[in-house]
Amino acid sequence: RGARLQRNFAARQSIESEISKLSVVRLYYLAEFLMERIFPEINESIEDIFRHHVPSQLKSRFLVARRRLHWIGERLEQQLEKCFGSLQRVYFSSKFITSFQNIIHSFKWSSLPGVFSAIQDTASDIPNICAKDCILNEISEELLYKV
């Protein structure tokens, strides 16, 4: 488990480093790419499973990837704020900035309690771990990384 954490921390550090180097336009292109190519597949897979009430078909990697998109969205938002200052205090009439903020907002995954109750006893595709534990491990890793 320690090796996994070290590997994932290194990956997170690399992602943060790359994001910090991007111009606002390139940040937008990254967000747009994630929104158009990555997000729909992950999100639709999770939603389809819950819509059809078959959480047993849920792949843990989808849950982790969905949470990781949430984390990346937070990093993009932080970098955008570094470029423009506090987004709450500054009014932007730019369609570009509004579009960017909408994409970032789409990455937020605020319905974890609903997900937890739906996957309470669902086995994951990882041996000896339930799907709920996969999400809890990912969130724990996020918190540890922040320290």
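Relevant structure appears above.
Residues numbered from 1 in each chain as written. Predicted model: local features only at pLDDT ≥ 70, side-chain atom pairs only at ≥ 80, totals over all residues. Heavy atoms only, no water.

(A) Inspection of the nonpolar core at higher detail. Core analysis: the largest hydrophobic core is formed by 26 residues, its most contacted members being Leu63, Ile72, Leu76, Leu80, Phe100 and Phe107. Ranked by the residues each element gives to this core, the list is headed by helix H2 (residues 24-51), at eight residues. (Core = buried A, V, L, I, M, F, W, Y, C linked by side-chain atoms within 4.5 Å. Buried < 20%, exposed > 50% of the residue type's maximum accessible area, 1.4 Å probe, protein only. Helix = DSSP H or I, 4+ residues; strand = E, 2+ residues; numbered from the N terminus.)

(B) Quick look at the environment of Gln79. Within the element layout of this structure, Gln79 appears in helix H3 (residues 60-84). In this structure Gln79 comes out as buried when scored by relative accessible area, which is 9%. In sequence terms Gln79 and Leu27 are 52 residues apart; their C-alpha atoms lie 8.3 Å from each other. Not counting residues within four places of it along the chain, the set of residues in contact with Gln79 comprises Ile19, Ser20, Leu22 and Leu27. (Contact = heavy atoms within 4.5 Å.)

(C) Focus on the packing of H2 against helix H4 (residues 95-107). The contact between H2 and H4 brings their axes to 10 Å, and the two run at 45°. By the criterion of interaxial angle, the relationship of H2 to H4 is oblique. Classified by chirality, the crossing of H4 by H2 is left-handed. Counted together, Val24, Val25, Leu27, Tyr28, Ala31, Glu32, Leu34, Met35 and Phe39 of H2 and Phe96, Ser99, Phe100, Ile103, Ser106 and Phe107 of H4 form the full contact between these two elements. For the contact of H2 with H4, the class distribution of residues is twelve nonpolar, two polar and one charged. (Axes fitted to C-alpha atoms, helices over the stretch in contact; angles between N-to-C directions. Parallel < 35°, antiparallel > 145°, perpendicular 65-115°, else oblique. Left-handed = near helix turned anticlockwise from the far one by under 90°. Nonpolar A, V, L, I, M, F, W, Y, C, P; charged D, E, K, R; others polar.)

(D) Up close: H4. The terminal C-alpha atoms of H4 lie 19 Å apart, and with 13 residues this matches the ideal 18 Å at 1.5 Å per residue to within 8%. Residues Ile97, Phe100, Ile103, Ile104 and Phe107 constitute the buried set of H4. For H4, the arc enclosing every buried residue in end-on projection is 125°, short of the 170-degree limit, so these residues lie on one face. Residues of H4 that are exposed and angled more than 90 degrees away from the buried face: Lys95 and His105. The inward-facing, buried residues of H4 abut H2 and H3. (Expected span 1.5 Å × (residues − 1). Arc of directions from axis to C-beta.)

(E) Representation of the packing of aromatic side chains within the structure. Counting across every chain of the model gives five aromatic pairs. Ring geometry for Tyr28 versus Phe100: centroids 5.7 Å apart, planes at 85°, classification edge-to-face. Linking Tyr28 in helix H2 with Phe100 in helix H4, this pair joins segments that are 72 residues apart in sequence. Residue classification places Tyr28 among the buried residues on the basis of a relative accessible area of 13%. Residue Phe100 is classed as buried on the basis of its relative accessible area, which comes to 0%. (Phe/Tyr/Trp six-rings, centres within 6.5 Å; stacked < 30°, edge-to-face > 60°.)

(F) Local environment of the pattern of salt bridges. Scanning all chains against the criterion turns up ten salt bridges. For Arg68, the salt bridge is made with Glu138, and the minimal N-O distance between the two is 2.6 Å. You can see Arg68 sitting in helix H3 and its partner Glu138 sitting in helix H6 (residues 131-146), a full 70 residues away along the chain. Summarising the burial analysis for this pair, Arg68 and Glu138 share the class buried. Residue Glu141 pairs with Arg68 through a salt bridge whose shortest N-O separation is 3.4 Å. You can see Glu141 sitting in helix H6 and its partner Arg68 sitting in helix H3, a full 73 residues away along the chain. Residue Glu141 is classed as buried on the basis of its relative accessible area of 1%. (Salt bridge = Lys/Arg side-chain N within 4 Å of Asp/Glu carboxyl O.)

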